[in-house]
Every structure is written in C-alpha cells, then in structure tokens.
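Chains, contacts and geometry: an overview
In case you want the letters, here they are:
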Amino acid sequence: MKKIYISFLSMTIGLGAFAQAQLENPGFESWENLGTNEREPVEWSSTRTGDNNASTPDDFVVDQSTTVRPGTTGSYSVLLETKTIVIIPVFFSVEVNGILTNGRVDAPTTTPSDGFNKTVTANSDFNTEFTDFPDSLVAWINYQPVGNDDGRIQCILHTVNGAGTAAGSMGTLPEVGGTQGDNTGNVVARANQDITSNTGGWIRIALPFNYANANTPEYILVTATSSVAAGAGTDGSKMYVDDLQLIYNITPVLASSIVDVSIFSAGSLDVDYSTGGTPLAATDFVVELSDENGSFASPTVIGTAAG
C-alpha cells in the first residue's frame, strides 16, 4: 500500500465569510431623531452627541443620504461632510470634520489635535462589545473631497484596563496623543486606510486587520472621517459610507491528512472535511496532492468543489 498526503485549501470569493459577529447597523438603515439636528444612525454617533467640547451647536456633520452603492439591498447610506461652523458670528468659526464612530467623540480641550474617539464601557450607546478575530473590514466609499483633503476609515479591536480616559485605560482612536495618553497596550488588532483622492463614485475597499498579539478583544472601535487633519479640513468635503462588513476567512479541516491507496486500483478518492464555518458566498474548495516526499511546494490539484 502507498500513502499519499493531501492538503485542503479554500479561497473565499466576493464577500465570503462565515457567520461571526458583525457591526451593529452596518448599512445605516436605522436612524434616530430624524427631522431634527440631533439625527444620527442608531448605534453610531458624531459630534452632535460628543463629549466635552465636541458637541457642535445647531449644526450636523453626519446625515442620512439616499445616495447608495450599486447592488445594495438598503435604502440609505451615511454622509459625512466637513463644515465651517460659526461659533460667534463674524468673530469666530471652526472647521468641523465630518466624523462618525461607534464609540464617542471627545474633545477635552479646544485644541483640535487633542480630540479623539473612545469606547465608553459604561454606556452601550457608545460601545460595541466584540470577542471575535476578523481578517478584514470591508466598506463601500464614495469620496468627494475639496482641495487636498483626505478621508479615512480606521478600526481597532481592543481590551480595556481600568476605567475612564487615563493613559492605557481604554480603546481610543488615535491610540496615542493629546489628552488620552497611550492606549497602544490595549490594542489587539488595527485596520486603517486613507482615501487620498476623489473616488469618482462608489468603490469597495477592504482593510486587513494587523494583529499585534493573541489577546482576545473585548470591544471594536470604528471611525470614519471626511477630513483626516484635525480642525483643518476643507468646507464641503463629503464622504458617503455604506454596507460595512467584517470578513472571516474560513479554514477547512480534513478528517485525515494521510490516505492509504493501492497503485494497482483505480477509482475516485473520497475526501472528508469540515468547512470550518458556514460560507455566506460562493467558495471554491481545492484538494492538492503532495510530491513523493510529502512536500506541497509544487502541489498537484486532484479535485475541486464549489460550495
């Protein structure tokens, strides 16, 4: 009898993933306080409900939009727009970036660079509990900057030590700087991407998570902004965001990696496996055969299946 060594590989196609945790209200279909300047997507917040100096008076930089990406099943997206906000007519105005987060915007001082977004563990309106390990975050973006503005989407998976906003106590974006101290010790993984030009319509972007350690996260904190530079964006820059999705690559598991066969018999070879998760989109499964030494450096494909 001969022994052959087989390997089982997978490739997810489209938005393939398996049924793990997703963000709350990821398509921005649910809104609260519509018809008022307090309107925000459910489970998301902006400077309208910010902490300390972050709350903008009578103006909003996040709004509901019917501009949606092709192929979506939803009716709305979220619009982030940088605006010049007049604080004292004629004398004092500030540029407020369009900013959205599933945490809470905080501006402890009037210096824009001191601002940050934070997970508020004591208030479910400003946190998203999360213990999974996604591979990437997918977002649909339609960016229309003015001048040299850049947009950004960023995300961290993090733990929490202690309470409050002292250094190292909670998850914040950015992780380091200003009055929030240094929170890098709590970061399990991060994903981010800058959008540096007009997208010319809707595009799909995928932000891979880079894992800093093997700790189990406790929360996920997401931020999107129409202008990266704090307090220095350009009035009129717009970024539409829709259909956020966390992607989990599945890992099929063989029932046996070694199969006994006879060189004198021909026929089909049954390969038993579990998928390692339930695919949500078209997935190709590939069986590969090693060389005579058990190496898969140059494998031979001996079977495929679509599922």
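Residues numbered from 1 in each chain as written. Predicted model: local features only at pLDDT ≥ 70, side-chain atom pairs only at ≥ 80, totals over all residues. Heavy atoms only, no water.

Quick notes on the nonpolar core
Counting residues in hydrophobic clusters, the biggest one holds 33 residues, and the most contacted among them are Leu-137, Ile-141, Ile-153, Met-239 and Val-241. Those elements that provide at least two residues to this core are strand S6 (77–81), strand S12 (136–144), strand S13 (151–158), strand S15 (187–195), strand S16 (203–208), strand S18 (219–225) and strand S19 (238–247). (Core = buried A, V, L, I, M, F, W, Y, C linked by side-chain atoms within 4.5 Å. Buried < 20%, exposed > 50% of the residue type's maximum accessible area, 1.4 Å probe, protein only. Helix = DSSP H or I, 4+ residues; strand = E, 2+ residues; numbered from the N terminus.)

Describing the packing of aromatic side chains
Under the counting rule described, the total for this entry stands at 4 aromatic pairs. Here Phe-133 and Tyr-211 contribute two aromatic rings whose centre-to-centre distance is 6.1 Å and whose plane-to-plane angle is 35 degrees, an arrangement assigned as tilted. Here Tyr-211 lies in strand S17 (residues 210–211) and Phe-133 lies in the loop between strand S11 (116–118) and S12, a separation of 78 residues in the sequence. Phe-133 sits in the partly exposed class, given a relative accessible area of 40%. Within the aromatic cluster, the residues linked to one another by ring pairs are Phe-133, Phe-209 and Tyr-211. (Phe/Tyr/Trp six-rings, centres within 6.5 Å; stacked < 30°, edge-to-face > 60°.)

A few points about the confidence of the model for the protein chain
Any residue range with low pLDDT should be treated as having predicted coordinates unsuitable for detailed reading. Per-residue confidence for the protein chain gives a mean pLDDT of 81, with 78% of residues at or over 70. By mean pLDDT, the top-scoring element of the protein chain is S12 (97), and the lowest-scoring one is strand S1 (residues 2–12) (49). Confidence drops under pLDDT 50 across residues 8–18; counting only partners more than four residues distant or on other chains, this segment forms 47 contacts. In this model, residues 88–92 is a region of pLDDT below 50 whose contacts with residues beyond four sequence positions or in other chains number 2 contacts. (pLDDT = per-residue confidence, 0-100. Contact = heavy atoms within 4.5 Å.)

Thoughts on the environment of Leu-137
As for its placement among the helices and strands, Leu-137 is situated in strand S12. According to the relative accessible area criterion, Leu-137 is buried, its value standing at 0%. As for Leu-137 and Gln-22, which are separated by 115 residues in sequence, their C-alpha atoms are 9.9 Å apart. Once residues lying within four places of it in the same chain are set aside, the contact partners of Leu-137 are Leu-23, Ile-153, Cys-155, Ile-205, Ala-206, Leu-207, Phe-209, Leu-244, Gln-245 and Leu-246.

Some remarks on the sheet that holds S6
Across the sheet, 5 strands lie side by side as S5-S6-S19-S12-S16; this open sheet has antiparallel pairing. Two strands in the sheet have a free side with no partner beyond their single neighbour: strand S5 (62–65) and S16. Each adjacent strand pair in this sheet contributes to an overall mean axis angle of 35 degrees, direction not counted. Pairing of S6 with S19, which is carried by 4 bridges, proceeds in the antiparallel orientation. Its bridge partner lying in S19, Val-78 is registered against Val-241. (Pairing = 2+ DSSP bridges. Axes fitted to C-alpha atoms, helices over the stretch in contact; angles between N-to-C directions.)

A closer look at the sheet that holds strand S9 (residues 99–101)
Strand order across the open sheet formed by 5 strands is S9-S18-S13-S15-S17, with antiparallel pairing between neighbours. The open sheet is flanked by S9 and S17, the only strands paired with a single partner.

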